[in-house]
Amino acid sequence: MTPIHITLNGAPLQLEPDTTLAELIATTGHEPQGLSTAVNGDFVARESRSHHVLREADAVFTFQPITGG
Amino acid sequence: MSFIVADTLLHSRFFLGTAGYPSPHILQQAVAASEAQVVTVGLKRQLTQGAGANDFHALIRETGSRLLPNTAGCRTAREAVTLAHMARELFGTNWIKLEVVGDEYTLQPDLFELVQAAAELARAGFEVFPYCTDDLVTCQRLLDAGCRILMPWGAPIGSGQGLINPYALRTLRARLPDVTLIVDAGIGSPHDAVLAMELGFDAVLLNSAVAQAHDPVAMARAFRLGIEAGRLAFEAGIMARQDMAVPTTPVTGRPFVL
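Basis of the calculations
- In this convention, every chain numbers its residues from 1, walking through the sequence in written order.
- Chains carry letters and ligands carry numbers; both start at the beginning, A for chains and 1 for ligands, and go up in the order they are written.
- For a predicted model such as this one, the threshold for reporting local features is a pLDDT of at least 70, and the threshold for listing and counting side-chain atom pairs is 80 or more; totals across whole chains, interfaces and linings nevertheless cover every residue.
- Note that water and hydrogens are dropped before the side-chain values are worked out from all heavy atoms of the structure.
- Secondary structure elements are defined from DSSP: runs of H or I of at least 4 residues count as helices, runs of E of at least 2 residues count as strands, and each element is numbered from the N terminus.
- Every radius of gyration here is taken over C-alpha atoms, with the globule rule written as 2.2 Å times N^0.38, N being the number of residues.
- Simply put, an axis is a line fit to the C-alpha atoms, just over the touching stretch for a helix, and the angle between two N-to-C directions goes from 0 to 180 degrees.
- What sets the label is the angle itself: under 35 degrees gives roughly parallel, over 145 gives roughly antiparallel, 65 to 115 gives roughly perpendicular, and the rest give oblique.
- For any helix crossing, the convention is left-handed if the near helix is rotated counterclockwise from the far helix by under a right angle, and right-handed if that rotation is clockwise.
- In what follows, a contact means two residues having at least one pair of non-hydrogen atoms within 4.5 Å.
- Summed over both partners, the accessible surface that disappears when two parts come together, traced with a 1.4 Å probe, is what is meant by buried area.
- Definition used for salt bridges: Asp or Glu carboxyl oxygen within 4 Å of a side-chain nitrogen of Lys or Arg.
- Any residue under 20% of the maximum accessible area for its type is buried, any over 50% is exposed, and the rest in between are partly exposed; the area is computed with a 1.4 Å probe on protein chains only.

(A) Seen up close, the overall build of chain A. Each helix and strand counted, chain A has 1 helix and 5 strands in total. The order of α-helices and β-strands along chain A, N terminus first, is β-β-α-β-β-β. In terms of C-alpha radius of gyration, chain A reaches 12 Å, essentially the compact-globule figure of 11 Å for 69 residues. In terms of overall dimensions, chain A has a C-alpha envelope of 45 × 20 × 20 Å along the principal axes.

Here's what the structure looks like:
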């Protein structure tokens, strides 16, 4: 099957078709609770990641806590 | 000193930012010295290797302070709304310090995008703390959009200039007597925080003035004392200014001339 091409935080990535957001996050080795996600600028809640199927050219962003003023 | 913000009883009117400290240890000590019960935090697009972000999150939770996440870096209402949702999920709070930047150099808010984002987030159940300018009409629009708290700037973020427009801040206090008003940004020294509290503002939020001090822990304590003093002075009722002298010693006429 033809792989799909997405970006993760701006970096290109090739995935198997029908990869879910949860599966992608699992490949990063990070705890799912320790980050938050958006796809194409839209927030995807943690509980929705397992049924959010990624598509060609999707831009995935992960956000983590930092210091702030 | 106690007051209620967003249905939450706080015993400190000092909100403290967590950015730019020399070390995590000094940040922890500064928070403790400040006795701030609300600290601001942020989110960043990243995927750090190692514990990094989780370490910070754990450290700041250990302070016991209430977290107020911000939407720093956002340029549009859409970006800010998305970031706010992520903050709510990550930090487990519906409080959001709403920042929508309109200018790269002054970091002043884009008030149009700010009001739009505030309305959408208020509808979504967020408690919005909007970082705004001192413009009265915009502040009213934010209240109309569902905000219960306003955070007008003292001066541009990180500039340390103090309160550059006390007249506008006084006007906000006078025209919005029942609204929670928190001066946010531009505070440079405890003098500035004292002035804000003497004007009747409910609290002060600052970051750089502590983080960039030579001794952040001592400065956090200085601000705590200043904010308390300013609030006490406001509650005690500050005397009115006079253009001319008003004698204090109760003599009549001149002592040696009958």
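(B) Expanded view of the packing of helix H4 (residues 111–123) of chain B against helix H5 (residues 136–144) of chain B. Residue and element names in this part refer to chain B. Running from N to C, H4 and H5 point in directions that differ by 20°, and their axes come no closer than 9 Å. Classified by the angle between their axes, H4 and H5 sit roughly parallel to one another. Remark: the crossing between H4 and H5 carries right-handed chirality. The residues of H5 that touch H4, namely those facing Leu111, Leu114, Val115 and Ala118, are Thr138, Arg141 and Leu142.

(C) Spatial organisation of the interface of chain B and chain A. With 29 residues of chain B in contact, the opposing surface of chain A contributes 27 residues. Interface area lost by chain B to chain A is led by Arg45, Leu47 and Glu89 of chain B, which between them contribute 28%. The interface formed by chain B and chain A includes 2 salt bridges. For the salt bridge of glutamate 89 of chain B with arginine 49 of chain A, the shortest nitrogen-to-oxygen distance reads 3.6 Å.

(D) A look at helix H7 (residues 190–198) of chain B. Inspection of H7 of chain B places Pro190, Asp192, Ala193, Val194, Ala196 and Met197 of chain B among the buried residues, and these make up the whole buried set. Close packing links the buried residues of H7 of chain B with strand S9 (180–184), strand S10 (203–206) and helix H9 (216–236) of chain B.

(E) Layout of the packing of helix H1 (residues 24–34) of chain B against H9 of chain B. All names here are of chain B. Look at H1 against H9: their axes get within 8 Å of each other, and the N-to-C directions meet at 20°. Taken together, the axes of H1 and H9 are roughly parallel relative to one another. Judged by the sense of rotation from one axis to the other, the crossing of H1 with H9 is right-handed. Residues Ile26, Gln29, Ala30, Ala33 and Ser34 of H1 form the contact with H9, whose own contacting residues are Pro216, Val217, Ala220, Arg221 and Arg224.

By themselves, these are just geometric observations and shouldn't be taken as functional.
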